[in-house]
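Summary of structural features
Below, each chain spelled out in residue letters.
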Amino acid sequence: MSATATLSVSTSGRKVQEVESITIRFAGDSGDGMQLAGTQFTNVSAIMGNDIATFPDFPAEIRAPAGTLAGVSGFQVHFASTDIHTPGDRLNCLIVMNPAALKTNLKDLEDGGVLIVNSDSFGPNDLNKAKYKVNPLEDGSLKGYRVIRVPIDKLNRESVKECNLSPREADRCKNFFALGLVYWMFERPMDATLKWIKDKFSKKIDVLEANTRALKAGYNYGETVEAMPVQYRVAKAKIAPGTYRKITGNEALAMGLVAASQMAEKQLVFSGYPITPASDILHQLADMKNFGVKTLQAEDEIAGVGAAIGAAYGGAIGVTATSGPGICLKAEAIGLAVMTELPLVVINVQRGGPSTGLPTKTEQADLLQAMFGRNGECPVAIIAPQSPGDCFDMAFEAVRIATEFMVPTFLLSDGYIANGAEPWAIPDVKKLPKISIVHPTEPNSNDGTTHENGTEEPGKFLPYKRNPMLVRPWAVPGTPGLEHRIGGIEKQDITGNVNYEPANHEHMVHTRAQKVANIAQTIPDLVIEGDQEGDLLLIGWGGTYGSIATALQRARRKGTKIGQIHFRYLNPFPKNTSEVFKRFKKFLVPELNSGQLLLLLRAMFLIDAKGLNKVQGRPFLVSEIEEAIEKAIA
Amino acid sequence: MAVTALPTLKPQDFASDQEVRWCPGCGDYSILAQMKKALTTVNFPREKMVFVSGIGCSSRFPYYMNTYGFHTIHGRAPTFATGLRIARPDLQVWLVTGDGDGLSIGGNHLIHALRRNVDIKVLLFNNEIYGLTKGQFSPTSRLGTKTKSSPQGSVDAPVRPLSLALAAEATFVARTMDMDPNHLTGILHRAAAHKGSAFVEIYQNCKIFNDGVFDYVTDKSSKADNALFLEQGKPMIFGKDRNKGIRLNGLNPEVVTVGKDCGVDDLVMHDEKTESATMAYLLSRMMVPEFPEVFGVLRQVSHPTHEELQAKQAEEATARRGKGDLDKLFRNDDLWVVE
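Note that this is a predicted model, so its numbers are computed, not measured.

Rules behind the numbers
In this numbering scheme, every chain counts its residues from 1 along its sequence in written order. The order in which chains are written sets their letters, starting at A; the order in which ligands are written sets their numbers, starting at 1. Per-residue local features of the predicted model are confined to residues with pLDDT of at least 70, and side-chain atom pairs are confined, for both listing and counting, to 80 or more; whole-chain, interface and lining totals are unaffected and use all residues. Only heavy atoms go into the side-chain values, all of them from the structure, while hydrogens and water stay out. In what follows, a contact means two residues having at least one pair of non-hydrogen atoms within 4.5 Å. By buried area we mean how much accessible surface two parts lose on assembly, using a 1.4 Å probe and totalling the loss over both. Put simply, a salt bridge is a Lys or Arg side-chain nitrogen that is within 4 Å of an Asp or Glu carboxyl oxygen. A 3.5 Å cut-off defines polar contacts: any pair of N or O atoms within that distance qualifies, except that in protein one atom must be a possible hydrogen donor and the other a possible acceptor, and neighbouring residues in sequence count only when both atoms are side-chain atoms. Working definition: helices are DSSP H or I runs of at least four residues, strands are E runs of at least two. Numbering for both runs from the N terminus. Asp, Glu, Lys and Arg are counted as charged, while Ala, Val, Leu, Ile, Met, Phe, Trp, Tyr, Cys and Pro are counted as nonpolar; the rest, among them Gly, fall into the polar class. Note on pairing: two strands pair once DSSP finds at least 2 bridges between them. Those domain boundaries reflect an automatic or database domain assignment. How sure the predictor is of each residue is captured by pLDDT, a score from 0 to 100. An axis is simply a line fitted to the C-alpha atoms; with a helix, the fit covers only the stretch in contact. Between two such axes, the angle follows the N-to-C directions and lies from 0 to 180 degrees. Throughout this description, buried means an accessible area under 20% of the type-specific maximum (1.4 Å probe, protein chains only), exposed means over 50%, and partly exposed covers the range between. Every angle not falling under 35 degrees, over 145, or within 65 to 115 is termed oblique; those three ranges are roughly parallel, roughly antiparallel and roughly perpendicular. Crossing handedness follows the turn of the near helix against the far one: under a right angle anticlockwise gives a left-handed crossing, and clockwise gives a right-handed one. Two cysteine sulfurs form what is called a disulfide whenever their separation falls within 2.5 Å.

1. Overview of the interface of chain A and chain B
Counting residues at the interface gives 70 residues for chain A and 60 residues for chain B. Carbon and sulfur atoms supply 60% of the area that chain A and chain B bury against each other, a total of about 5,500 Å² over both sides. Of all residues in chain A, the largest losses of buried area upon contact with chain B belong to A:N290, A:E299 and A:R485, amounting jointly to 14% of the total for that side. Linking chain A with chain B are five salt bridges, by the criterion used here. For the pair chain A and chain B, the interface holds 33 residue pairs in polar contact (both at pLDDT 80 or more). Of all elements in the fold, only α1 (34-47), β10 (242-248), α9 (249-263), β12 (294-297), α11 (301-313), α12 (324-340), β17 (421-425) and β20 (485-487) of chain A reach the threshold of two or more residues within the side of chain A that touches chain B. Class assignment of the residues belonging to the side of chain A that touches chain B gives a composition of 40 nonpolar, 18 polar and 12 charged. Pairing geometry for β20(A) and strand β2 (residues 68-71) of chain B, over three bridges, is parallel.

2. Here we look at the domain arrangement of chain B
All names here are of chain B. With domains assigned, chain B is organised as domain 1 (11-234 + 271-307) and domain 2 (236-269). In this complex, domain 1 contributes 15 residues to the contact, which on the side of domain 2 involves 14 residues. The contact between domain 1 and domain 2 buries some 1,300 Å² in all, and 71% of this surface belongs to carbon and sulfur atoms. Joining domain 1 to domain 2, the criterion identifies two salt bridges. Between K240 and D225 there is a salt bridge, with the nearest N and O atoms lying 3.3 Å from each other. Between domain 1 and domain 2 we count three residue pairs in polar contact (both at pLDDT 80 or more) in total. Where the side of domain 1 that touches domain 2 is concerned, the elements lending two or more residues are α8 (220-226), β9 (227-229) and α9 (278-285). The leading source of residues in the side of domain 1 that touches domain 2 is α9, at three residues. For the side of domain 1 that touches domain 2, the per-class residue count stands at 10 nonpolar, one polar and four charged.

3. Description of the confidence of the model for chain B
Summary statistics for chain B give a mean pLDDT of 96 and a share of 99% for residues scoring 70 or more. In the predicted assembly, ipTM is 0.97 and pTM is 0.93.

4. Structural notes on the sheet that holds β20(A)
With mixed pairing, nine strands are arranged side by side in an open sheet as β20(A)-β2(B)-β1(B)-β3(B)-β4(B)-β8(B)-β7(B)-β13(B)-β9(B). One side of each edge strand has no neighbouring strand; the edge strands of this open sheet are β20 of chain A together with β9 of chain B. Geometrically, the sheet is characterised by an average inter-axis angle of 20° between neighbouring strands, direction not taken into account. Pairing analysis gives six bridges linking strand β7 (residues 172-177) of chain B to strand β8 (residues 198-203) of chain B, with the strands arranged parallel. For B:R175, the partnering residue across the bridge sits in β8(B) and is B:E201. Sitting on the sheet, α11(A) is in contact with β20 of chain A together with β1 (49-53) and β2 of chain B, with an inclination near 155° to β2(B).

5. Details of the pattern of salt bridges
Residues and elements named next belong to chain A. Going through the model one piece at a time under the given rule, you end up with 51 salt bridges over all chains. Between R233 and E187 there is a salt bridge whose closest N-O contact spans 2.6 Å. Of this pair, R233 sits in strand β9 (residues 231-234) while E187 sits in the loop between α6 (174-185) and α7 (191-200); the two residues are 46 residues apart in sequence, bridging distant segments of the chain. Here R466 makes a salt bridge to E341, at a shortest N to O gap of 2.7 Å. A residue pair is termed long-range when its members are at least 10 positions apart, and R466 in the loop between β19 (456-458) and β20 and E341 in the loop between α12 and β14 (344-350) qualify at 125 residues. Here R466 falls in the buried class, since its relative accessible area comes to 18%. Shared partners join several salt bridges into a network, and the residues in it are R554, K558, E626 and E630.

6. A short note on the packing of α6(A) against α7(A)
All names here are of chain A. Packing of α6 against α7 brings their axes to within 11 Å, and their N-to-C directions diverge by 160°. In this view, α6 runs roughly antiparallel relative to α7, as classed from their interaxial angle. Both α6 and α7 take part in a crossing whose hand is left-handed. For the pair α6 and α7, the contacting residues are F176, L179 and Y183 in the first and T193, W196 and I197 in the second. Of the residues contributing to the contact of α6 with α7, the split by class is five nonpolar, one polar and no charged.

7. Focus on the state of the cysteines
Within the structure shown, the criterion is met by zero disulfides over all chains. Here A:C173 is not disulfide-linked; the sulfur of A:C163 is the nearest cysteine sulfur, at 7.3 Å.

Here it is, written out as structure tokens:
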């Protein structure tokens, strides 16, 4: 809890403590509905006007054996009256539904933090499953926390006993009981969740009634029982005026793609194979057929990218999305799209690797794969959103770059921003930029004959005759007179015919590289946040923006001359990159990998940058970056 | 509605300006020639025809056609063709593949393109060998085939392309050969006319690495006895004296002599339109020397295509929710206003 806490008294006559921000986490078995409870809490907090950031953390197993350490699922919400960028480092409040959740989450709770425990689930069997030899509620090990023992199972069953449910069904309401309790504790109104329950269970009246009762019972328990120490109040945040919703990175990606296709007046063909954590994008788009979106659940990752390329060849916006292992499989086809110079959007929602790795955990270790992970000299455009909401803008950019430059464009998201949520100001549709796409309808050469009136006789269509930015024309099948052949064999410059000549190959390799380099002329310059020059420059990319920005603010409060840049464009880099580097003495590059951007920067800009590297499948804590800053300037 | 007649095209109008680079005597030349001929009468605009291919000798085919063409990567041609058809149901998409490209590295994609009933016409040039990589055994090479990679003979049982296509629920399954131009043209015509995925196996001679592997059905002296040409609604008769036929004994086909073992009425009547693929499957299993090998259309049934079903869902979604409205989409969650 922030230092600026003040005490007042609530309408119920109880103590209310005013604080700037709170981080809470719901943790329980993956069958306990913790993701749902966390999502509801987030929605209500956002509607109340707090700034929010969330971090769902769930196991790769859908249902690991109940009560075990492997089956613990958590959902963390950070809500504040100030501008926040991360889901919070340390928990102020932890709600645990069983001993396994306590064991795996307690380390993140601050000293003196509030620990709400479902005391009904601490029987010998439960303790055994969580590998506790002694009951932690009784051995004094929790004395550094404000422990609130609530017999949630019993109270919940009692509250729903008239609802005609089986014992199993009744127990499934207990997440709502817990939610009600924390709603009281943090002064959240229940209306939005009651409405949600009503809409969701409109066809199961018994369940509707039971969840409603459980939620209210939890709330009333907080109000009436003396066990609850205090209520907390987090005032509204000062957020730019506008209409907001909560958005996850994957939702924003899907919406950005659809918006871009509408602004390009093109159909969107999305083709992918189910993979965590990217499948949501397929789910979202599959439900947008009234936008002219077509989706294919392909037979494998290769077919996913192949169909997207085939669609692009036909003149559609072709998009595929996957995670790292899927990119491995798609590599050869992406090379074909580079060679045939077709627009293609490839989304990689990165997860921990190598191999199957950590499917549900986040990492940023696929940057060099995007950069170099194909045979031959095979440049692609690479961009990376910096937050869940930024996924909308960058998805739009991916479509813009791919179609404007006829080049595969990688969008590197990650598990953290894909599933994390933040408030998102609804954009004004009328102000979305148009994406202009022109397909040629006439041959782009003449046969050498000039008529008396000066007009020239059209010749052949030359598929690799380029514009000044070195982009070839996107001629689509169905256009009379432009029949031509493309393929993966090296192309002759201009004609696009198969060609094996050494000088031509070198020329084409350079041309493809220069074309990608030319993208820099169409992207924004880097903006330095914080000090515009100084001792230390923090350099990040992708989903780590929030943690780095928060660390920057704290370091500047301490008087450090420090700036931050965040690369949303990674290939090519923005034009002013080397100019920015000249303004700082030292460089710190925090990344959730072993130093991939670091390697590129050192090689391309010859700067003596140092890395801050973490590969634990979890995002940076702000404190970790703060410590690294202190070391760097010491 | 006024019907605009398409310009009359000649086979040479389908020839691109590229020099054809197959080995002299390759069966592919014949297939290319018959394709150009067949396309003159399919009554479809040339600019809407696309040839998609994978990798291998056969997959160079698109370069030699003056249509749109896409020479892709090894085994994956069905994926590009599927995406193309999804984006552009107005196009006629041909897919040229071989036994290695289509059945080995790309076997999975072929299965799924067929079972989805995407409207693509798959031509599988089967020469039972890897030609472009200079002569290794392929997934259709017969057991014991000696090649550089199988000096003592291959130990892998071959896949039967037609059986596989039927198992994958293909709605059009046919076989023809490079050395019978009229039959080949006729089958290409039928494939072009089919709505849904069409699978055509074409026996094709590789002059260099597997010369003569299909002589038993292409050579005049043995063709009549080894090839059974299927005709819709006609009894299955073959042989140079036209007196041999196929009869069903329980679930097993058997070769009989008409007049000696039975009458014509006892023979199996060919019905490619039967919804059940069982008889077609039995035919796909028949191999020389126990049986003649069948040529013609084994199965042709009408099922909705993947593209049609997609279009229907789009219509339903639009009818239910109205044409997509971005502003509504952005607001499809709890909203709050900050003033």
